[in-house]
Amino acid sequence: MIIANPIFDTVFKHLMENNRVARFFVETLIDEPIESIALTPQEHTYFKSPQTIAESGLTSDELEHIKLLSIVRFDFVATIRTADGFKKVLIEIQKARNAVDLMRFRTYLAEQYKRKDMVEDGGRKIEEPLPIITIYLLGFELPETDAIAIEVNRTYRDLIAHKELRVKSEFIECLTHDSYVVQIPRIEGKTRTRLEKMLSLFEQKYFIDDKGIIKEYRYDVDDENIRRMVEILHHTGIDPEQQKEIEDEWWSNELLESMITERDKKIEMQKKALEEKEQTIQENQKTLKEKEQTIQEN
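Residues numbered from 1 in each chain as written. Predicted model: local features only at pLDDT ≥ 70, side-chain atom pairs only at ≥ 80, totals over all residues. Heavy atoms only, no water.

Re helix α1 (residues 9-16)
Among the eight residues that make up α1, six are buried, leaving the element largely enclosed by the rest of the structure. Regarding α1, the residues found buried are Asp9, Thr10, Val11, Phe12, Leu15 and Met16. (Buried < 20%, exposed > 50% of the residue type's maximum accessible area, 1.4 Å probe, protein only. Helix = DSSP H or I, 4+ residues; strand = E, 2+ residues; numbered from the N terminus.)

Re the side chain of glutamate 27
Inspection of the secondary structure puts glutamate 27 in helix α2 (residues 19-30). Here glutamate 27 is buried and forms no salt bridge, its nearest opposite-charge partner arginine 194 lying at an N-O distance of 4.4 Å. (Lys, Arg positive; Asp, Glu negative; His and termini not counted. Salt bridge = Lys/Arg side-chain N within 4 Å of Asp/Glu carboxyl O.)

Structural notes on the nonpolar core
Met16, Phe25 and Ile93 are the most contacted members of the largest nonpolar core, which totals 45 residues. Residues within four places of phenylalanine 25 in sequence aside, it is in contact with Phe12, Met16, Ile93, Leu137, Met198 and Phe202. (Core = buried A, V, L, I, M, F, W, Y, C linked by side-chain atoms within 4.5 Å. Contact = heavy atoms within 4.5 Å.)

What about unusual backbone geometry?
Non-glycine residue aspartate 31 carries a positive phi angle of around 60 degrees. On the secondary structure map, aspartate 31 appears in the loop between α2 and β2 (34-39).

Digging into the pattern of salt bridges
Within this structure, the stated rule accounts for 13 salt bridges. Of the charged contacts, one joins glutamate 141 and arginine 186 as a salt bridge, the two residues approaching to 3.5 Å between their closest N and O atoms. Note that glutamate 141 is positioned in the loop between β8 (132-138) and β9 (149-152) and arginine 186 in the loop between β12 (177-183) and α7 (194-199), a separation of 45 residues in sequence. Note on glutamate 141: relative accessible area 43%, which makes it partly exposed.

So, the packing of aromatic side chains
What the rule picks out here adds up to five aromatic pairs. Plain terms: the ring middles of phenylalanine 12 and phenylalanine 74 are 5.4 Å apart, the flat faces sit at 70 degrees to each other, and that makes the pair edge-to-face. Here the residue phenylalanine 12 occupies a position in helix α1, and phenylalanine 74 occupies one in strand β4 (residues 71-82), the gap between them amounting to 62 residues. Phenylalanine 12 sits in the buried class, given a relative accessible area of 0%. With centroids separated by 6.2 Å and ring planes inclined at 50 degrees, the aromatic side chains of phenylalanine 25 and phenylalanine 202 adopt a geometry described as tilted. Of this pair, phenylalanine 25 sits in helix α2 while phenylalanine 202 sits in the loop between α7 and β13 (214-216), placing them 177 residues apart in sequence. Each member of the pair, phenylalanine 25 as well as phenylalanine 202, is classed as buried. Through a chain of ring-to-ring contacts, the aromatic side chains of Phe12, Phe25, Phe74 and Phe202 assemble into a single cluster. Here lysine 211 stacks its cationic end above the ring of tryptophan 250, 5.4 Å away from the centre of that ring. (Phe/Tyr/Trp six-rings, centres within 6.5 Å; stacked < 30°, edge-to-face > 60°. Lys NZ or Arg CZ within 6 Å of the ring centre and 35° of its normal.)

In structure tokens, the structure reads:
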């Protein structure tokens, strides 16, 4: 079946706006049963503030031609079913196509720690900060590991007794968080487990166009939730208006990457020129010192 590539923000947005798909996606990745999930108002980040312009290293004139910053966020409030009952958490999905976006993850995460939500406490509803789970979908590879999907889980340790603590503290849970990282370029399209079947949709192969927007999904579908995801991606891929949105995003990313590449080349040239200047200065100083020594000897 022909489907749109979900690595694009425009495409991924259509998936996450479907409540059933969002629930299945998060539940499959964190491997915990989700009782309910709700998408909070989603946020796209634009190249507008002086901070984002400074972080990108590009001028405001250059950024005027770029539609979106290549990072998108989806925030969910989810209720997870545990052995001890139900736990309400904030799930933040951040997706980026370029390594240059990494530092912005920290800024967005700091904003989430400020958020509060209504929770049940002894039959009363009170406003409290929620524990956070972050999911990072990367459109680039981490050089340190070739693992496709990574779980970063926290443990409590008693530093005096040197043993793991089998407890959870509400105070600690609200100040720390678990993370999940997916390296999209490393997805191989294997379909042995439910997680691999879901991630196979993101595999960067079998494209039928030169932009990597539309591809052929070649795997059998035996899961109803994945079937629904395939249907959404198929509709997105054949709809002319949505194709135009994806192409606009593609051009924005291409322009951004070419500008950053050009910027890096200029920085490298300036660095090289500076090193050559330093070397010339050192050689001149050496020559001057030799002349002074000759004068002293004479």
